Every structure is written in structure tokens, then in C-alpha cells.
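# Per-entry structural report
What follows is the residue order along each chain.
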Protein chains: 2
Amino acid sequence: MIAKLVEKIREKDAPVVVGLDPQLSFLPHYLIDEAMRSHEEMPYGDEELTAVGEAVFRFNREIVDAVADLVPAVKPQVAMYEQFGIPGMIAYWRTVRYCHEKGLIVIGDVKRGDIGSTSEAYARAHIGRVEINGRTCRAFDEDFATVNPYLGTDGIKPFVKVCNENDRGIFVLVKTSNPSSGEFQDVLTKDGEPMYEVVGKKVSEWGEDSMDGEYSNVGAVVGATYPEQAKRLRVLMPHTFILAPGYGAQGATAKDLSGFFKEDGTGAIINSSRGIIAAYTKEKYQRFGEEGFADAARQATIDMIEDLRLVLHAD
Amino acid sequence: MIAKLVEKIREKDAPVVVGLDPQLSFLPHYLIDEAMRSHEEMPYGDEELTAVGEAVFRFNREIVDAVADLVPAVKPQVAMYEQFGIPGMIAYWRTVRYCHEKGLIVIGDVKRGDIGSTSEAYARAHIGRVEINGRTCRAFDEDFATVNPYLGTDGIKPFVKVCNENDRGIFVLVKTSNPSSGEFQDVLTKDGEPMYEVVGKKVSEWGEDSMDGEYSNVGAVVGATYPEQAKRLRVLMPHTFILAPGYGAQGATAKDLSGFFKEDGTGAIINSSRGIIAAYTKEKYQRFGEEGFADAARQATIDMIEDLRLVLHAD
């Protein structure tokens, strides 16, 4: 699956993933009002949740339609759907399907992680399948999932197994983009090595039997806000593809990103979520207005791609 | 909420939580067959997933009916529901509601964790609420959720805020029960301290403003399989309530558990999942047969409670 992602990035000349993180405050009011009038009845949660679930899906669909020709992939953040209960999860499920129909690779930002059979259940849920009465069923059916490494190899191996069985991939959290990520991730071990390097080397090792072209289907999450650490990790994990959140709203700029890529310009994909999907709320794009939210998202995506190309094609 | 849990443990004289982790292989076949014949149509996933979702709920309902008078709490493991997609999540949602109706405290074993607004969305999803058009909606509505600390304070604070607003609680992973948990959790820092102690002290600190009686609503997960580490953590985190998985199937026995409790016998709750819900598949309880799975679960629960009482009331 990582080979497919690399190929799609090359085709579109855009190492960019659009984060579909529909916070309530990002949804134009008219979408919620329309959904309140028209949604179908559903017995799983309040009417308001059902309407918002419907509004979230419509919001995503317009954004996906507006950016599908520009980018190789999208990354829905499941927390933003889970908060709306069953109707939210239905919006997530519909979004994944819709993105596949549009030819986009879907990175489920689920940050799951547990042990043994429980990790395997998460893996089946998101990038695998279950067999019931001899029939193969797929639950959420993303192409990649993000995974938390805190529980160690027992937690990761079941994901790797499911990746290998289904030609899917994972991105394991190594160095996250948030200000306090150093609290545990930067703690120096008695050998003077920061924890994120210990984890990074493990990620590289876990991915050895999952090579798919030049990279492994076992990738890493490294925050765009930590360029120095990324440079070091790029060397420590030569066959590990990097998913880098933190561009834009979280403060990272294109010039921070060169160290995430190899000399040939491959090796990483950069995520922007609210910088794109909520662009219409920003001064720079407010000319599009609330009803032009998808056009604003398209323009913000074009601008981000241009910005990255300046760095990647600098020489 | 932790005061309520402590009180219910005292009432029932049983620091025991039943893990509702319905792996497909634990479900009696007749339940799936019945559900295949009778389930309602649902447009969100294959027919088999819908039937299994229905079977999972019926399985849980019978077990809950059989153990509700014995224990204070249940702990559904969401991965086991997520693997069945939307129908699985509906079974999770119905299970939480049913357990509340039966007066049980529900610990959502979701091991979520992210940063900032994303962590807040997870917290709202599981132990909080969202406001839509002035109406308060609750998504999955558990009493406690388990949380992964790898992303640091940015990831935990939003959960703590939501706990405090809703009188709910969390259990943060500190030292997990699996064999490879030491890979990162036991790494010694340059000060000679294992990572799980660094995390444990943070958990204690994060919980300072969430006291509810003798304990904080911010608790910790410490595997029953690591009694020595638990003894140390019990001292480092005097106001932190411990959720301990790993009893039974994972190998911990009652005599391993005394160090998890304070001298007054409070301070921890011990989980057993497959040891109880799949008891009917074990030689010891096979006399109950497949259709007696709930009675077998009741007997296994009684046996576990007796086993723990021997330790807790030893002096």
C-alpha cells in the first residue's frame, strides 16, 4: 500500500494529505440547519447527533469533491466523529467509502493501540477483515491507520500481521507534533538516547518484513513542528515513510520540512487539517464566504502544495 | 465518580470488574445463528456484521444479567466492537446503556489519546457531552475511559477538564499487563528511573485537582502481572486508584495482588475478561455447556471474588 501512496504522490506532485477533522465549529451553520430539517430518523442517539452526523458527511463530501484531483490522500481524525456517537461513526464510515470512490487513499487517524488479540481486533476494524460464517467482512476499511506504540511489540505485531495479510499500512507515533510531546518522548535513557529514537529504531525493525517498494508499510508519525528530530529520524529509519502533521495551524512552515524528505524528494507526506477544511474562517480566504467553504479549501490546498514545491524543487 | 466506584466496591465487597470483550470465538454459535435469522436490516455494513452486532449485544445482556448483583462495574473493550464496524459500535452503545440501567459503573476500555482539541473530542465522546443548538448530547456515555499517555500533558489535560466538568474519571496507562510492556515502559532514564515511574508521577500530578473523596478521578492502569512495580507505584501515587487487568487468563493470581491495595483494602479494582465471559469454554466450567454461558460467567465471577477476598481479608 505504501508503494501506491508513493506513486500517487508522484503523479500529483503533491506530498500532501488533507485532514478531515470536522470540529463542530468548522461546520457552516446552514449545513446543520439543513440536516436538522431533512435527516432520517435513527434510533441511536439524540436527533441533534443524527443531524450533525449528516452535516459532517455533507461537509466532507464537498471538500473531497473540491480537492480530490489535487492530493493523493485524506486523513479523517476519528475523534471528531466519535464525539457525535453512532451518527458520527456512520459519518466516518460513509466518508471513508466516499473517499475510496473518488480514488483517494485514506489514512484513518485512529491512534489505536492495545495488546495481543485486542490490537488485532483494532487492526481488523480499520485495515483488515473479519470472517463470519465463511464470508469476509470489512468494518471501517481504511488503507492506513495510525497506531500508538506505548504498549510495545505485543501491541504492534498484530497490526503488522494484519498489514501484511491485507496489503495495508500503519503509521506508528514516534515524535508527535504537540508542545508537550517531549515530556515522555524526549526523556533521555541511561544511554543518552531520547525515547523517540528508541521508538523510531523499533518502528524501523517492526517494518522489516513489510517492505513494499522502497519503503515499508510500517511508517512513522513525526510532527512537522520538530524538524531537527525529523532529520535525525530520517537517517535512523531509512525505509520508514513519515506522516507529518503540524503544518499550518500548528506552526510548521515549508522550510521546516526539507529534513523529512530524502534527497529524491520522497519519504514523507505532510498533513494539514484545519488550515484547509476551515480555510473559509481565516482572513486570507474569507472572500469565499461560508457557502464557499469547499472552494476555500481547494485554494488553501493549492497554496500549500505550491509552498511545499518551492522547498522540494529548490535545487 | 471514583467515590461512587469505591462505595460500590465496598457495598458488594468485590473489587472486581467484568471485562466485556466479545471476541467472535467466545460467542456461542446458536446466538449468531439466531441473529442471522432475526436481525433487522441496516444499511451500514454487511448483513453478517449486523447479525454479529446483534449477537454480541444479546451475549452481553445475558452476562450482565448474571453478574450485575455481584460486581460494581463492567469494562467493555471497544476494539472487540469496532472490529464489527457500525453494527459493532451500536452493540457497544447499547451495552453501555444496558449496564447503566442495571446500576453498573461502566469503564470504557478505549485507550484513546491524542492532543488538544482531538483529545477533547475523545473525552466528550466517552465521558463528556457536546452542545448542539443549545441541547446537551452524550455520545457513548461511559463513566470512565482508559487513556494512553504517550503524547504527554497536552493529551491528558483535555480529558481531565472533561472529567471535572462531568464528574467522570479516567485511567491512564502506566504499566500495562503484557509481556513486552517493558520495552518502553521500563526503559531507565538517565536518572535511573524507569519510564513507568516517570509516567506514574505525572498521573498523580494530573489528578491533583480532580479529588473525589480519598482518590482522584484520574486513575492509573497497572497490570496485575507486575506486582513488584505495582507496590512501588502504590507508594508513588497515594491518591491514584488503580485499574488492574491481567488476572486469570493473563496469568496473575490473587496473591500477586495485595500490593495493589492499601492497608484498608481500597485503592484498586481487578479486571477479568475472558476468564469470566468465556468461562463456559474452560474445562472447569464446561458442565454449564454453551447455552449456560451466562451461568458459567456467574460462577467464575463468584470464584474470582472469593479468591480475592482470601487475600484482602487475610489479616
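See the structure printed just above.
Residues numbered from 1 in each chain as written. Chains lettered and ligands numbered in written order. Predicted model: local features only at pLDDT ≥ 70, side-chain atom pairs only at ≥ 80, totals over all residues. Heavy atoms only, no water.

### Looking at the sheet that holds strand β2 (residues 73-76) of chain A
All names here are of chain A. Around the barrel, eight strands lie side by side as β1-β2-β3-β6-β7-β10-β11-β12; this closed barrel has parallel pairing. Each strand axis lies, on average, 30° off the axis of its neighbour in the sheet, ignoring direction. Note that strand β3 (residues 105-112) and strand β6 (residues 144-147) share three bridges and pair parallel. From the neighbouring strand, G108 faces β6, where its bridge partner is A145. In the packing of helix α5 (residues 85-101) onto the sheet, the strands contacted are β1 (16-20), β2 and β3, and the crossing angle to β3 comes to about 150°. Taken strand by strand, helix α9 (residues 195-206) contacts β7 (169-175) and β10 (218-222), and its axis lies near 165° from that of β7. (Pairing = 2+ DSSP bridges. Helix = DSSP H or I, 4+ residues; strand = E, 2+ residues; numbered from the N terminus. Axes fitted to C-alpha atoms, helices over the stretch in contact; angles between N-to-C directions. Contact = heavy atoms within 4.5 Å.)

### As for the nonpolar core
L5(A), I170(A), L5(B) and I170(B) are the most contacted members of the largest nonpolar core, which has 243 residues in total. Among residues more than four places away in sequence, those in contact with I170(A) are I127(A), F144(A), A145(A), V147(A), I156(A), F159(A), V160(A), C163(A), N217(A), V218(A) and G219(A). (Core = buried A, V, L, I, M, F, W, Y, C linked by side-chain atoms within 4.5 Å. Buried < 20%, exposed > 50% of the residue type's maximum accessible area, 1.4 Å probe, protein only.)

### Observations regarding the side chain of N148(A)
Considering the arrangement of structural elements, one finds N148(A) in the loop between β6 and α7 (153-166). Look at N148(A) and you get buried, because its relative accessible area is 3%. In terms of polar contacts, N148(A) uses its side chain to reach the backbone amide nitrogen of Y150(A), at 2.9 Å. Excluding its chain neighbours within four sequence positions, the residues that come into contact with N148(A) are K111(A), R112(A), G113(A), I156(A), L173(A), N148(B), Y150(B) and L151(B). (Polar contact = N/O pair within 3.5 Å; in protein donor to acceptor, adjacent residues only side chain to side chain.)

### Digging into the sheet that holds strand β6 (residues 144-147) of chain B
Residues and elements named next belong to chain B. One closed barrel accounts for eight strands, arranged β1-β2-β3-β6-β7-β10-β11-β12; its pairing is parallel. The average undirected angle you get between the axes of adjacent strands in this sheet is 30°. Both strand β1 (residues 16-20) and strand β2 (residues 73-76) contribute to a ladder of four bridges, which runs parallel. Following the sheet pairing, G19 is matched in β2 by K75.

### Concerning the relation of the copies chain B and chain A
One copy of the chain maps onto the second through a rotation about an axis and a displacement along it. Between the two copies, chain B and chain A, the superposition gives an RMSD of 0.0 Å; the rotation angle is 180° and the shift along the axis is 0.0 Å. Each copy turns onto its partner about a two-fold axis. Taken as a fraction of all interface residues of chain B, those also at the interface in chain A reach 100%, which identifies the copy contact as same-surface. (Least-squares fit on C-alpha atoms with pLDDT ≥ 70 in both.)

### Section: the pairing of β2(A)
Residues and elements named next belong to chain A. Across the two faces of β2 the burial is the same, with A73 and K75 and V74 and P76 all buried. Pairing between β2 and β3: two bridges, direction parallel. Its bridge partner being in β3, A73 is matched across the sheet by I105.

### Considerations on the interface of chain B and chain A
Taken together, the contact between chain B and chain A spans 78 residues of the former and 78 residues of the latter. Taken over both partners, the interface formed by chain B and chain A buries close to 6500 Å², and the fraction arising from carbon and sulfur atoms is 64%. Here chain B and chain A share ten salt bridges between them. Taken together, the connections running from chain B to chain A amount to 36 residue pairs in polar contact (both at pLDDT 80 or more). (Buried area = accessible area lost by both parts, 1.4 Å probe. Salt bridge = Lys/Arg side-chain N within 4 Å of Asp/Glu carboxyl O.)

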